[in-house]
Amino acid sequence: MKEKNKSKKRWYAGLAGAILLLPVLWLLLVRFEGQKPEIIFELTSPYVGKSHEFSISLADPKSGLRKIWIAVVQGGKEVVLTDQDFPSAGIFRGGEIKSKLLNITFEPAKHEFSEGEAILRLALWDYSWRGWWRGNQVYVEKSLTIDTQPPEIEVISRVHNLAQGGAGLVVFRTSEDCRLAGVQVGDNFFPAHTGYFKDPRIQLAFIGLGYQQGPETEIWIEAVDDARNSTRAGIKHFIRKKAFKDDKIDISDRFLKWKVPEFENIMPPDSAGSLVDKFIKINRDLRKANYEQIKELTQTTATTSHWEGKFLRMPGSANQAGFADHRTYQYNGEIIDRQVHLGMDLASVTHAPVPAANSGVVVFSGPLGIYGNTVLIDHGLGLFSMYAHLNRSDVSKGQEVSKGDILGLTGNTGLAGGDHLHFSIVIHNTFVNPIEWWDETWINNNILSKIEEVPAAPAQK
Ligand SMILES: [Zn+2]
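Because the structure is a prediction, the values reported are computed rather than measured.

A. Geometry of the coordination of the zinc ion. Looking at the zinc ion, the protein donor atoms are His341 (NE2), Asp345 (OD) and His422 (ND1), and they sit 2.0 to 2.1 Å from it. Read from N- to C-terminus, the donor residues coordinating the zinc ion fall into the pattern H-x3-D-x76-H. One end of the pair, His341, is in strand 21 (residues 334–341); the other, His422, is in strand 29 (residues 421–427), and 81 residues separate them in sequence. The same class applies to His341 and to His422, which are both buried.

Here it is, written out as structure tokens:
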């Protein structure tokens, strides 16, 4: 009996002790928790321009946020950008705020910082009772480069004589490395490329004027440095207006019955209606979709130049249709559609061999909607040639081809009424007049002479 009482007493004492210990445990585990708060902050680039916004995410799921301190240090100088205390939810309940997104604007000139290296320092505390009630602390440092000066642009190529629907080359030098540089032609931007010349800051951009871009088109160079400071520079240019031909195309029932079924599988299933309706849909919507695909394909380009000399025109062929012919489509004497023809149609014998107009890399080979079997060649630095309506293509994507190599045979695939080659030149995303690229004198005067104007010898050639 005595023994039983003793053990009961012990048990009660243990329970009382445990009850007394609970708050101690709670204090240790909750109020004295040791988990550091978190600063989530990624600098996409260390460069800081005239005004920079840092987006900083703070979190402390256990005790809540107590205090954030952010400063920029350069040499012996320290400027505090923010020093904020966050509210407490009560002495036993930690901080009211568990997470917060801070946007801090930093304007180096306002605090008289110099250009160059600086350090961003961040310290964050939570509401834990650790460290004699100061809380858990996390400390982060990031290196910055203050650059508030926009790049300077030195235009190297002198006069730019362009034709509506034509091409050109612009050469310039930037005073510093740039994240983006190129030439704005109306609302179209042509990225420039470095690495062609020994001087890594000399940039070269092929540009193209759309057939609809006349003499009033504005052209300028734009350069943006790593700190996103940007500069514009005008270029001396003259745009020759060009009148394009009108062309009438009669769509016959024979043509519709022959061609439209070929497109049934690529047209949306809801495209009911007559053959003419279907033709119009193909001629408009599919044409547009095909252009989007070409734009996509010409976004990436080799950073070296593959081509040399004038572009080959398919031998023994006659011009059937010209660049930017304004076509009116008629059916039973009625106008059913209007489109602009963005290439040259060259006709020779049936299934004539098609040579690569210049050296490059095949970036597409296969069916391309209204263009039928198509080959697209990247000549580097944004310059492409395209071969459409082929009966057969003998090259594949990724293949390197030399000027004159046979790519396939002419045909009438896609929206072609007869055997011919549709040949296009594309610069970045713009169809330009192929005639210029078949002309040695034009290439010498408008491309090669501009490269020769560059003071240092070219690195590639
Ligand atoms: Zn054509």
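This is not the end of the story, as more comes after the structure.
B. Layout of helix 4 (residues 275–297). In this model helix 4 runs 31 Å from its N-terminal to its C-terminal C-alpha over 23 residues, within 8% of the 33 Å that 1.5 Å per residue would give. Along its length, helix 4 shows its largest kink, about 30°, at Ile282. Tucked into the core, helix 4 has its buried residues touching helix 3 (253–263), strand 20 (325–331), strand 21, strand 26 (383–393) and strand 30 (430–432).

C. Examining the layout of surface pockets more closely. By volume, the largest pocket is sized at about 970 Å³. The wall of the largest pocket is formed by 42 residues, among which Arg287, Arg327, Val340, His341 and Leu342 lie closest to the centre. Every element with two or more residues in the lining of the largest pocket is listed here: strand 18 (246–250), helix 3, helix 4, strand 19 (318–321), strand 20, strand 21 and strand 30. Top contributing element to the lining of the largest pocket by residue count: helix 4, with seven residues.

D. Representation of helix 3 within the structure. Turning to helix 3, its buried residues number three or more, namely Phe255, Leu256, Lys259, Val260 and Phe263. On an axial view of helix 3, the arc spanned by its buried residues comes to 105°, and they lie on one face. Across helix 3 from its buried face, at more than 90 degrees, point the exposed residues Arg254 and Lys257. Close packing links the buried residues of helix 3 with helix 4 and strand 20.

E. Just the packing of aromatic side chains, in detail. Applying the stated criterion across every chain, the model contains 22 aromatic pairs. Taking the centre distance of 5.8 Å and the plane angle of 85° together, the rings of Phe41 and Phe54 count as edge-to-face. With Phe41 in the loop between strand 1 (38–40) and strand 2 (47–48) and Phe54 in strand 3 (residues 52–59), the pair connects residues that are 13 residues apart, well separated along the chain. Phe54 shares its class with Phe41; the two are buried. Here the aromatic rings of Phe311 and Trp437 are separated by 5.5 Å at their centres, their planes lie at 75°, and the arrangement is edge-to-face. Of this pair, Phe311 sits in the loop between helix 4 and strand 19 while Trp437 sits in helix 5 (residues 434–437), placing them 126 residues apart in sequence.

Conventions and cut-offs
- Residues numbered from 1 in each chain as written.
- Predicted model: local features only at pLDDT ≥ 70, side-chain atom pairs only at ≥ 80, totals over all residues.
- Heavy atoms only, no water.
- Donors = N, O, S within 2.8 Å, 3.2 Å for Na, K, Ca; no water.
- Helix = DSSP H or I, 4+ residues; strand = E, 2+ residues; numbered from the N terminus.
- Buried < 20%, exposed > 50% of the residue type's maximum accessible area, 1.4 Å probe, protein only.
- Expected span 1.5 Å × (residues − 1).
- Bend = angle between axes of the 7 residues up to and from the residue.
- Contact = heavy atoms within 4.5 Å.
- 1 Å grid on protein atoms, 1.4 Å probe; cavity = no way out; pocket = protein on both sides within 12 Å on 5 of 7 lines; lining within 4 Å.
- Points joined across faces, edges and corners; volume = space filled by probe spheres on them.
- Arc of directions from axis to C-beta.
- Phe/Tyr/Trp six-rings, centres within 6.5 Å; stacked < 30°, edge-to-face > 60°.

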